[in-house]
Each structure stands twice: as structure tokens, then as C-alpha cells.
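Fold and geometry: a report
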Amino acid sequence: MKNFKRVISVAMVAAMAVSVFACAADTAETAETEAEIVTNGISYDEYVAAELDTEVTVDVYVQATQGWWNDSITVYAADQDGAYFIYGMACSEEDAALLESGTMIEVTGYKSEWSGEIEITDATFTVVEGADTYIAEPIDLTADFGNDDALIAHQNAFFSMDNLTVVESADGAAFLYSWDGSGSQGDDLYFTESNGDATATFTVESYLTGADTAVYQTVEGLQVGDTINVSGFLYWYEGVNPHITFVEVQ
């Protein structure tokens, strides 16, 4: 009986040793994983407070990209606190394929301003390996339609607005190819909406959503008087100038 107890005791000690070793290995693996995703970016509030033309590093999640061209790409990005527009970021064609929606990247560039749009320019990036993905839900800004002072607080955010009415853009048209109607299919689309009190012009940015996309084709089919719901990115150019990615005709 004593020998049996001794055997059990030895087995228990051995099992405890294996368990401790496994826990130590798991802890080391967790620490290694956490070390892999340590980042250097400032917070969104710090980014907002940063002076123009200063270098910034931010850790953001890709929401969408414009078409890659000439070793650069333009990115609509966000984190859980705000949104960013990264213009002409240095990027090889091979690396452009890594910038899927939700991917976390660390971006270093210069906080800049162009016609009211706050953006990051002259940027480079690295993909943050092992990070979780994040895709922002649209912010309902229907109540702020026509109020640029309220909308600017959400600049570049993914947003939605409902129950807007298509009004004439020029010569009775429901939309224009290019801002002045001088373009043709494949160029940016411009269309004007009203909530009954104010109007605003929205854009389907062809580098983001081109002529082969559902939103582009839906806008080409709009009629003056249609009631629509929209969503997109709250880009700015001399005032609110959203880049629309979805249109639903009621």
C-alpha cells in the first residue's frame, strides 16, 4: 500500500511539472504575441490636436482604398475613436494587395490640409501582423444634413443619411459626369440632394467606386425627385463633399 501511494505521489508530481511547464510555455507564447502587436501610434485625440505640417504616426484600420497607381495608394482609414484620410501613401503594387478592409496598419506621414480636408500625406506604412481586424459601422448623420459645423466633427468617417431627395444638378439632370458636367462615363459622378431645408452635393469617386460598381450604376439611373438612402465617407472639399459608396432608391 505504501508503494502504491508512493507511485501515485510521483505521478502527481510529474503531472504538476508538466502542467507548470505548459503554463510557462503558454505565458511565453502570449507575451510573444503581445510583443508582436506593440505599436507606436498616437491616439485619435492626439492626432486631432497635432499641428498641421508635423510628422505623425497612427495605428489605423483600412476601411477602403482608391485604386493603386504609380507606387502610391489613397486610404480611407479609421480606429474606434475617429477616421483618417491618407492621401498618396507610398505603396508597391504587391503591398497594395495587403490593404484589405479591416487590416491594421501603422502609418507615418505629415498631417496636412487641402481645401478644408485634413489628411495624412507623404506617408509610409507597415502592416501590423497579428492584430485583430476592425470595420467601422456607419454613423447616422441624417439629422446633421446641411450643417457643416456639426458634420466637420465627423470628417472622413463612414456615415449614412436617409430620406434625401434628388434635385436638379444642371439642365434638369439628376447627376453630372464630373463636377461641371463636362465629363463622360467613367469620370466622377456628382449629384445633389435635399432634405427640404438644405442641399448638398455628393460624389461617387471613380477611383474608389468606378463605373463597374453598383453605386455608380445606381446613380446613373437616378431621377429628379427620387428619395434615397446613402452611405459613404465624409470627405471634405470647400465644405462637405462625401464620397458615396452606397445608394438605395426607396
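Here, every reference points to the structure presented above.
Below, the structure is looked at part by part. (Residues numbered from 1 in each chain as written. Predicted model: local features only at pLDDT ≥ 70, side-chain atom pairs only at ≥ 80, totals over all residues. Heavy atoms only, no water.)

Among the structural elements, E193 can be located in strand β9 (residues 189-194). K111 is the oppositely charged side chain nearest to the buried, salt-bridge-free E193, at an N-O distance of 31 Å. Within the structure, E193 has its side chain in polar contact with the backbone nitrogen of V166 (distance 3.5 Å). Apart from the residues lying within four places of it in its own chain, the contact partners of E193 are F145, L164, T165, V166, V167, A198, T199, A200, F202 and I228. (Helix = DSSP H or I, 4+ residues; strand = E, 2+ residues; numbered from the N terminus. Buried < 20%, exposed > 50% of the residue type's maximum accessible area, 1.4 Å probe, protein only. Lys, Arg positive; Asp, Glu negative; His and termini not counted. Salt bridge = Lys/Arg side-chain N within 4 Å of Asp/Glu carboxyl O. Polar contact = N/O pair within 3.5 Å; in protein donor to acceptor, adjacent residues only side chain to side chain. Contact = heavy atoms within 4.5 Å.)

With that settled, the discussion passes to empty space enclosed by the protein. Taken as a whole, this structure holds 1 cavity of 30 Å³ or more when the rule is applied. Approximately 30 Å³ is the volume found for the largest cavity. Considering the residues around the largest cavity, the lining is formed by F145, G146, L151, M161, A200, F202, L234, V240 and P242. Taken together, the residues of the lining of the largest cavity break down into 8 nonpolar, 1 polar and no charged. (1 Å grid on protein atoms, 1.4 Å probe; cavity = no way out; pocket = protein on both sides within 12 Å on 5 of 7 lines; lining within 4 Å. Points joined across faces, edges and corners; volume = space filled by probe spheres on them. Nonpolar A, V, L, I, M, F, W, Y, C, P; charged D, E, K, R; others polar.)

In this approach a probe as big as a water molecule rolls over the atoms, and the regions it shows empty are the leftover space. What the largest pocket holds in volume is close to 650 Å³. As for the largest pocket, its lining consists of 23 residues, and the residues nearest its centre are Q66, Y87, E205, Y207 and Y235. Counting residues per element, the ones that place at least two in the lining of the largest pocket are β2 (72-78) and β3 (83-90). Its residues assigned to classes, the lining of the largest pocket shows 10 nonpolar, 9 polar and 4 charged. Mapped onto the domain boundaries, the lining of the largest pocket takes at least three residues apiece from domain 1 (44-127) and domain 2 (139-249). (Domains from an automatic or database assignment.)

It is worth spelling out the nonpolar core at this point. Ranked by internal contacts, the top residues of the largest apolar core, which has 25 residues, are M161, F191, F202 and V247. Those elements that place two or more of their residues in this core are β7 (158-167), β9, β10 (199-204), α5 (214-220), β11 (227-233) and β12 (243-249). Looking at this core, the element that brings in the most residues is β7, giving 4 residues. Beyond its immediate chain neighbours, meaning those up to four positions away, F191 contacts S169, A174, F175, A200, T201, F202, V204, V219, L222, I228, I244 and V247. If you look at the next biggest cluster of nonpolar residues, it comprises 21 residues, including V58, I86, M89 and F125. (Core = buried A, V, L, I, M, F, W, Y, C linked by side-chain atoms within 4.5 Å.)

Where burial is concerned, most of β2 is hidden: 6 out of the 7 residues are buried. What sits between strand β1 (residues 55-65) and β2 in their antiparallel hairpin is a turn of 6 residues, with N70 showing a positive phi close to 55°. Remark: 4 residues form the turn of the hairpin made by β2 and β3, two consecutive strands paired antiparallel. (Pairing = 2+ DSSP bridges.)

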